[in-house]
Amino acid sequence: MSTNVSTKAGPGAPKERLASRTAAMIIMGVSTLYFLVPIWWLFISSTKSREQFGSTGALWFADFNLFTNISNLVAYNDGVYLKWMLNSILYAGTGALLGTLFAAMCGYALAKYRFPGREFIFNVVLGGVLVPATALALPLFLIFSQFNATNTFWSVFLPSLVSPFGVYLARIFAAASVPDELLEAARLDGAGEVRTFFSVSRRLMTPALVTIFLFQFVAIWNNFFLPLIMLRDQTLFPVTLGLYTWNSQVNQIPEIRTFVIIGAFLSIIPLIIAFLSLQRFWRGGLGAGSVK
Amino acid sequence: MQLKNSTRIAALGIVAAISLTGCAAGSGSDSTDGAVECTPAEGKVELSYTSWIPGIETVVDMWNEKNPDIQVTVQTGPNGNGGTYKNFFNQLSAGNAPDLGQIEYDALPNFRVQDGLTDLASCANVLDSQDDFIDWTWNQVTFGEDDAVYAIPQDTGPMAMYYRKDLFEKAGIAIPTTWDEYAAAATAIRAQGGYITNFPQNDVNWFAGLVWQADGSWFTNEGEAWDVTLTSPESEKVADYWQTLISDDLVSKVPAWTDEWNNAYNTGSDWTWISAVWGANSISSGAPDTTGNWAVAPMPQWNAGDEKAGNWGGSSTAVLKGSEHPYEAAQFALWLNTDPEALTALNKEANLYPATKDGLELPVLSEGVEFYGNQPIYDVFAEAANQTNADFTWGPTMTQTYADVADGFGEALGGSGTLGDALSTGQTKTIAALEAAAIPVNK
Amino acid sequence: MTTEAVSAPRITPRRTPIKHKRAIAFFIAPFGVLFAAFYLLPIGFAIYQSLLVVEREGTFGKPTEVFGGLTQYFLVFQNDAFWASVGRVLLFGAVQVPVMLGFALVLALLLDSPLVKGKKFFRLAFFVPYAVPGVIAAIMWGYLYSPNLSPFAAFTSEFDLLSPSTVLWSIANVVTWVYVGYNMLIIYSALLALPSEIFEAARLDGANQWQIAWSIKIPLVAPAITLTAIFSIIGTLQLLAEPQVFRSFTSSVSSTFTPNMTVYATSAVPNVPLAAAMSVVLALATFVLSFAFLKFTQRKADK
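Only a predicted model underlies this, so the values are computations on that prediction, with no experimental measurement involved. Once a new chain begins, its residue numbering starts again from 1 and follows that chain's sequence as written. The order in which chains are written sets their letters, starting at A; the order in which ligands are written sets their numbers, starting at 1. The model is predicted, so local features are restricted to residues of pLDDT at least 70 and side-chain atom pairs to those at 80 or more, both for listing and for counting; the totals for chains, interfaces and linings are taken over all residues.

1. Focus: the sheet that holds strand 2 (residues 70–76) of chain B
As a general point, the strands of a sheet are linked pairwise by backbone hydrogen bonds and lie either parallel or antiparallel. All names here are of chain B. For clarity, the cut-off: The pairing criterion is simple: DSSP has to find at least two bridges between the two strands. What counts as a helix is a DSSP run of H or I of at least four residues, what counts as a strand is a run of E of at least two, and both are numbered from the N terminus. What counts as a contact here is a pair of residues whose C-beta atoms, placed from the backbone, lie within 7 Å. Fitted lines through C-alpha atoms serve as axes, helices being fitted only where they are in contact, and the angles separating the N-to-C directions of these axes extend from 0 to 180 degrees.
Strand order in the open sheet formed by five strands is 2-1-3-10-4, with mixed pairing between adjacent strands. Strand pairing shows two members of the sheet lacking a second neighbour, strand 2 and strand 4 (152–153), which therefore form its edges. Of the strand pairs in this sheet, strand 4 and strand 10 (residues 315–319) are connected by two bridges, and their pairing is antiparallel. Residue pairing in the sheet places I152 in a bridge with T317 of strand 10. Along the sheet, helix 2 (residues 56–66) makes contact with strand 1 (45–51) and strand 2, crossing strand 2 at roughly 175°.

Here's what the structure looks like:
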């Protein structure tokens, strides 16, 4: 799976009819509007004062209040918003990093070693992909309660580390991209299994690992049911739960609406940055799951 | 932290053991079941308290400053049905609920059914405080029992009529004092192109407040089994009245608490709102363009000359099961909900309207309010608070009842069914829900 | 998603002792322990709870939980609200999943064709919504649908997108908006992985872009489409965050709008055993549905 194939429909292609080309570009253009106008609206709304939010044209700038809004948002409630962002980054960043490592190790073992129960383990894990995360949240709460560990960082962080889908992807990718011959060669050189994994195999699996990382990152970043059930201390909330709480209070505290909007806008920036900076990796990896 | 947790578990185990044996010995005497020994602890006590009152931290800080030995940590969350009750129930079943929690009156029976409340009757000063509180609130927290107190009343939502003084004057329509006059005014206002008010699909507890005013009640509890009376004559009278307004297109039907709804008031399309005292802020923030044009009058009456009011909302402060320090928790709850300084702060921070008789006389509550043309509107609500029927009873599955009735209201507003139908569906489904939870109910 | 395709044929004879035992244990243990603690244990616990019933005496009697066999499962099957919510998401899925995947497929094929310039830009533009969490997307669209605050108020005030009859499709649009780009990328990466010689041959035979797309590309990326379909089906049955957020914008979304919301509402009653039984039924339904879909598409592909 090379990542350098985007020149495939190269210059040799014969000229298509103009009509086809125009139709295609119109579809692309309209789709672009559909995908980007809501975000544009969010950005524009973030730059408006509370009064101008409802009263000025929604898709163009009024007075540029973005920075005032941001500083108000950051100051509100002792800067709880910044805490939420930091929490989200911790939950999703660290969680996805460790989760990817564990999934990669497990998937690698399932792909590259023969041992009894291998298929059984894999099928159980695959079944895990199909279990609704929401069905787990409530029993998880009761289990964590036994250890007096609800309403802690760990109660959200630890369950987030488990990614059955990551194991599935890692296994497929390890099977496809780490040749057995290479492992044999490493063994002949006297390298240990674990060392080989970290030095040779990991490198070969990098595009897959980035993909797993991103899946996991997004899944944790978006998860709001588990934190909703586990946490009661606002300062432990991830940003999604925080904004949800604010949004449900808009009717009682109308001035909070500005914060919901600007907070929503700021909260999507880290993800966009993560995607952009890692895109040369994940583009190759995304198709991996479908390799048959 | 580690030590604290393990001692807490040990203490819990002991409490559980004691209450288990207590239960076995005293089976049959229902009311003493949950009572705990209520004595002051030695040394410093730390309490946890969960509430969704905006700015509650400020008020709690006032207590902490004065009571270095009883330190309260407050946690805020979404409102009760928005998630906090759910958390409480989970925490109760896990045995790690906070010491104190905010619980609305309509949710108290559910918490008691789930065995989540500590009986504070044996705690110092609690029974003596009965006379401080408005009668109906005391009935809510004692469930009408003489020797049990399951929470301390916090605030209330006496209802009155907010109306657009300017529009009524301009149109030459008299301010309605009875429901008949209100219906007549509705027709006159519709002729002007406006609506007298909005009928909200989802504010079923608002509708219950109207039934409350009409001396109806949706539940009665005889000790052996619950009676569900959503379809009582009083309840149906209220439903028929509003059904006529809906059928004749005399009320608007936008979902409450949305921008559309704010807009209906802000643009003068809706003229009145029968609502609770805390609604004063909802209007002023939702309809900022109408400053100075509003006024408040008592609710329209069913019989001319009556003086009856309903209630919509209000909370209590409960000591949740499992608290190791019911004595200290009860003292904090009493202070929070009776101390003039605390009540003033709660009113300032969150517009809470006190549940104590003295609280109604607070200086902040005698001032004129600019949004209402400087009318001292709280005088109207103080009267309403004292005119609220003390015998109204909530049932143990209100969330479900609200949801089922709201579904029926939605159909009525859409034209396929009536409010009366909604109540009878609610009646049937509530009985079913009680049975599903193994709660005894008369059919 | 087949397992056979992945594992190499078993050359190793049966009774050979397992090599690298310690390495295998090292690799599997971290995930294995976490999976057992945070997946298997809660599932077992949920099943255990679903077998309990509550008993009490008197109106305020203490609840006690006793073993009740399959009682809760009978109650689940009699629960109208639960089945209404299941029906609602099935209807949702039957319309939204094909629309979304069709849309994603068209965009992927266009991106892969020589008809389109500026591929890099479009690819990014379509993918950006995936960076928006469901909760945030729902808040945003909630405002866009609002009759007064929407930039398209001229339309939304005339045509109520939040009414009981339309809100399901308004939510479908939010989900579609978030996930089209993601599904498009999966299909697009599969397209990129196809060897270009196939198309060259077809082109020399005089096939145009549409024919190539229809008769060569789509069949070849069918596995990718199957994968996206399965994840979309799972996602649909789990729908929770978006409708939950919409409750702040409209009263048309009941507390039992989707199965997961019904579970949540039931556990909030609180009726934990019934909620647990619902979760188990839902998990089984998800499992069966995805599995059936997988088998169905595989059989078609094998023919």
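2. Focus on the sheet that holds strand 5 (residues 159–164) of chain B
All names here are of chain B. Spatially, the three strands line up as an open sheet ordered 8-5-9, and their pairing is antiparallel. Of all the strands in the sheet, the pair left with one neighbour each is strand 8 (272–276) and strand 9 (294–297). Going from strand to strand, the sheet's axes swing by 30° on average, the running direction of each strand aside. Relative to strand 8, strand 5 runs antiparallel, the two sharing five bridges. Among the inter-strand pairings, M159 is bridged to a residue of strand 8, identified as A276. Taken strand by strand, helix 11 (residues 279–286) contacts strand 5, strand 8 and strand 9, and its axis lies near 140° from that of strand 8.

3. Considering the environment of B:F332
Residue and element names in this part refer to chain B. Inspection of the secondary structure assignment puts F332 in helix 12 (residues 326–338). For the pair F332 and V72, spaced 260 residues apart in sequence, the C-alpha separation works out to 8.4 Å. Leaving out residues up to four positions away in the same chain, F332 has contacts with L47, W63, I70, V72 and L100.

4. Concerning the interface of chain C and chain A
Definition in use: Three residue categories are used. Nonpolar comprises Ala, Val, Leu, Ile, Met, Phe, Trp, Tyr, Cys and Pro, charged comprises Asp, Glu, Lys and Arg, and polar comprises the others, including Gly.
Listed per partner, the contact involves 79 residues of chain C and 82 residues of chain A. In terms of residue count, helix 1 (residues 21–50) of chain C provides more of the side of chain C that touches chain A than any other element does, 17 residues in total. In terms of residue class, the side of chain C that touches chain A is made up of 61 nonpolar, 17 polar and one charged.

5. Describing the packing of helix 9 (residues 233–247) of chain B against helix 16 (residues 419–436) of chain B
A pair of packed helices can be characterised by two numbers: the angle between their axes and the separation between those axes. Taken N-terminus to C-terminus, the directions of helix 9 of chain B and helix 16 of chain B make an angle of 145°; their axes are 8 Å apart at the nearest point. On the side of helix 9 of chain B, the interface is formed by B:S235, B:E236, B:A239, B:D240, B:W242 and B:Q243, while helix 16 of chain B contributes B:L419, B:G420 and B:L423.

6. Details of the UniProt feature "transmembrane region" (unreviewed entry) in chain A
Residues and elements named next belong to chain A. What counts, and what does not: UniProt positions are given in the numbering used here, feature names are shortened, and annotations may be inferred rather than shown by experiment.
Per the UniProt record, "transmembrane region" (unreviewed entry) is annotated on residues 23–44, 56–76, 88–111, 120–144, 156–178, 208–231 and 256–278. Annotation note: span residues 56–76, helix share 48%, strand share 0%, distance between end C-alpha atoms 25 Å. For the annotated span residues 120–144, helix accounts for 92% and strand for 0% of the residues, and the straight-line distance between the end C-alpha atoms is 28 Å.

7. With respect to the environment of A:F198
With respect to the secondary-structure elements, A:F198 resides in helix 10 (residues 193–204). Separated by 93 residues in the primary sequence, A:F198 and A:M105 have C-alpha atoms spaced 9.4 Å apart.

8. Comments concerning the interface of chain C and chain B
Listed as interface residues are 25 residues of chain C and, on the opposing side, 34 residues of chain B. Breaking the side of chain C that touches chain B down by element, the ones donating at least two residues are strand 1 (52–55) and helix 13 (272–302) of chain C. Classifying every residue of the side of chain C that touches chain B gives 13 nonpolar, nine polar and three charged.

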